[in-house]
Amino acid sequence: MTRVNQLLEHEDYIFYMEKIDGLEKERRFCKHGFEHGLNVARIAYAYLLENGELLLSKESIYAAAFLHDIGRWVEYETGEDHAVASARLALPLLEVCRFNSDDIQVILNGILEHRRHPEDNLTTLGEALALADDWARDCRHCSLQDLCYKYNQTMNQVMY
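Everything in this summary refers to the structure shown in the same document. Everything numeric here is computed off the predicted structure, so don't read it as measured data.

1. Quick look at the pattern of salt bridges
Consideration 1: Overall, the coordinates contain four salt bridges when judged by the stated rule.
Consideration 2: With its nearest N and O atoms 2.8 Å apart, the salt bridge here joins Glu 59 to Arg 3. Placement of the pair is Glu 59 in helix α4 (residues 58–67) and Arg 3 in helix α1 (residues 2–8), with a sequence separation of 56 residues.
Consideration 3: Between Arg 88 and Glu 80 there is a salt bridge whose closest N-O contact spans 2.7 Å.
Consideration 4: Judged by relative accessible area, which is 45%, Arg 88 ranks as partly exposed.

2. Points about the environment of Asp 12
Consideration 1: Relative to the elements of secondary structure, Asp 12 occurs in helix α2 (residues 11–23).
Consideration 2: Look at Asp 12 and you get partly exposed, because its relative accessible area is 33%.
Consideration 3: In this structure, the C-alpha to C-alpha distance between Asp 12 and Leu 93, residues 81 residues apart in sequence, is 7.9 Å.

3. A closer look at the packing of helix α3 (residues 34–50) against helix α8 (residues 124–135)
Consideration 1: Contact pair α3 / α8: the axes reach a minimum separation of 8 Å and the direction vectors enclose 125 degrees. Classified by the interaxial angle, the pair formed by α3 and α8 is oblique. Taken as a pair, α3 and α8 cross one another with a handedness that is right-handed. Contacts from His 36, Val 40, Ile 43, Ala 44, Tyr 47 and Leu 48 in α3 reach Thr 124, Leu 125, Glu 127, Ala 128, Leu 129, Leu 131, Ala 132, Asp 133 and Trp 135 in α8.

4. Observations concerning α3
Consideration 1: Its 17 residues place the ends of α3 24 Å apart at the C-alpha level, agreeing with the 24 Å of an ideal helix rising 1.5 Å per residue.
Consideration 2: Taken as a whole, α3 has its buried residues at His 36, Gly 37, Leu 38, Val 40, Ala 41, Ile 43, Ala 44, Tyr 45, Tyr 47 and Leu 48.
Consideration 3: Two residues or fewer after α3 comes Gly 52, characterised by a positive phi angle close to 65 degrees.

5. A word on the packing of helix α6 (residues 82–96) against helix α7 (residues 101–113)
Consideration 1: Packing of α6 against α7 leaves a shortest axis separation of 8 Å and a crossing angle of 160 degrees. The orientation of α6 relative to α7 falls into the category roughly antiparallel. Once α6 is placed against α7, the crossing between them reads as right-handed. From α6, Ala 83, Val 84, Ser 86, Ala 87, Ala 90, Leu 91, Leu 94 and Glu 95 reach across to α7, where they touch Ile 104, Ile 107, Leu 108, Ile 111 and Leu 112.
Consideration 2: A class-by-class count of the residues in the contact of α6 with α7 yields 11 nonpolar, one polar and one charged.

6. Here we look at empty space enclosed by the protein
Consideration 1: The full count for this structure, using the stated rule, is one cavity of 30 Å³ or more.
Consideration 2: Space inside the largest cavity adds up to approximately 50 Å³.
Consideration 3: Along the walls of the largest cavity sit Tyr 13, Met 17, Ile 20, His 32, Gly 33, His 36, Gly 37, Ala 65, Phe 66, His 68, Asp 69 and Ile 70, which together make up its complete lining.
Consideration 4: Those elements giving two or more residues to the lining of the largest cavity turn out to be α2, α3 and α4.
Consideration 5: No other element matches α2, which puts three residues into the lining of the largest cavity.
Consideration 6: Each residue belonging to the lining of the largest cavity can be placed in one class, and the counts come to six nonpolar, five polar and one charged.

How each quantity is defined
- Here the residue numbers are simple positions, counted from 1 along each chain's written sequence.
- In view of the model being predicted, local features appear only for residues whose pLDDT reaches at least 70, and side-chain atom pairs are presented and counted only at 80 or more, with totals across whole chains, interfaces and linings using the full set of residues.
- Remark: hydrogens and water are excluded; side-chain values derive from all non-hydrogen atoms of the structure.
- Each reported salt bridge corresponds to a side-chain nitrogen of Lys or Arg within 4 Å of a carboxyl oxygen of Asp or Glu.
- Numbering of helices and strands runs from the N terminus; a helix is a DSSP stretch of H or I covering at least four residues, while a strand is a stretch of E covering at least two.
- For each residue, the accessible area found with a 1.4 Å probe, counting protein chains only, is set against the maximum for its type, and the residue is called buried under 20%, exposed over 50%, and partly exposed in between.
- Here an axis means a line fitted to C-alpha atoms, over the contact stretch when the element is a helix, while the angle between two N-to-C directions is reported on a 0 to 180 degree scale.
- Any angle between 65 and 115 degrees counts as roughly perpendicular, while under 35 counts as roughly parallel, over 145 as roughly antiparallel, and the rest as oblique.
- Each crossing gets its hand from how the near helix is turned against the far one by less than a right angle, where anticlockwise is left-handed and clockwise is right-handed.
- Any two residues having at least one pair of non-hydrogen atoms within 4.5 Å are treated as being in contact.
- For a helix, the expected span equals 1.5 Å multiplied by the number of residues minus one.
- Gly is put with the polar residues, along with every residue not named as nonpolar or charged; the nonpolar set is Ala, Val, Leu, Ile, Met, Phe, Trp, Tyr, Cys and Pro, and the charged set is Asp, Glu, Lys and Arg.
- Space inside and on the surface of the protein is sampled on a 1 Å grid over the protein atoms alone, with a cavity defined as a set of points where a 1.4 Å probe fits but cannot get out and a pocket as an open set with protein on both sides within 12 Å along at least 5 of 7 lines; lining residues have an atom within 4 Å of a point.
- Grid points are joined across faces, edges and corners, and a volume is the space filled by probe spheres set on the points.

Encoded structure:
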């Protein structure tokens with residue numbers, strides 16, 4: 001996980017996460033910090049492993065999960081879809097951390113697709129990130145279920 005740790009220690013990644021933390025300080029709903037990224041990484045990896053679709057390295061899956069929301073601050077400030085902003089911001093980080101061009105393309109596509117529904121004919125990584133993004137939330141114990149646009153009853157079930 002050398003490249004993932006390099007990514008997490010990169011000054012741009014740290015800057016993006018600090019911006020998100022600051023902009024979400026008063027947010028009542030789920031936040032998009034390190035813990036969310038780690039939960040998405042673990043769930044996406046387990047999902048792909050159990051479904052026999054482990055075409056990417058564990059390191060690439062974790063990188064995608066940690067990067068899938070780094071553009072949240074852009075969405076908050078400009079309204080641009082954070083999936084698009086996240087993919088744009090992720091590219092130079094992946095290059096600096098020496099991911100190969102094939103893995104970079106798969107990771108960027110997964111990031112772009114993470115907000116879509118698994119039924120939308122997504123890439124394997126896009127589907128895993130989309131599912132893990134929802135499954136990583138603790139909706140069962142959330143007092144804001146009635147106000148949350150993402151919440152549905154199935155989110156009370158333990159999936160992974």
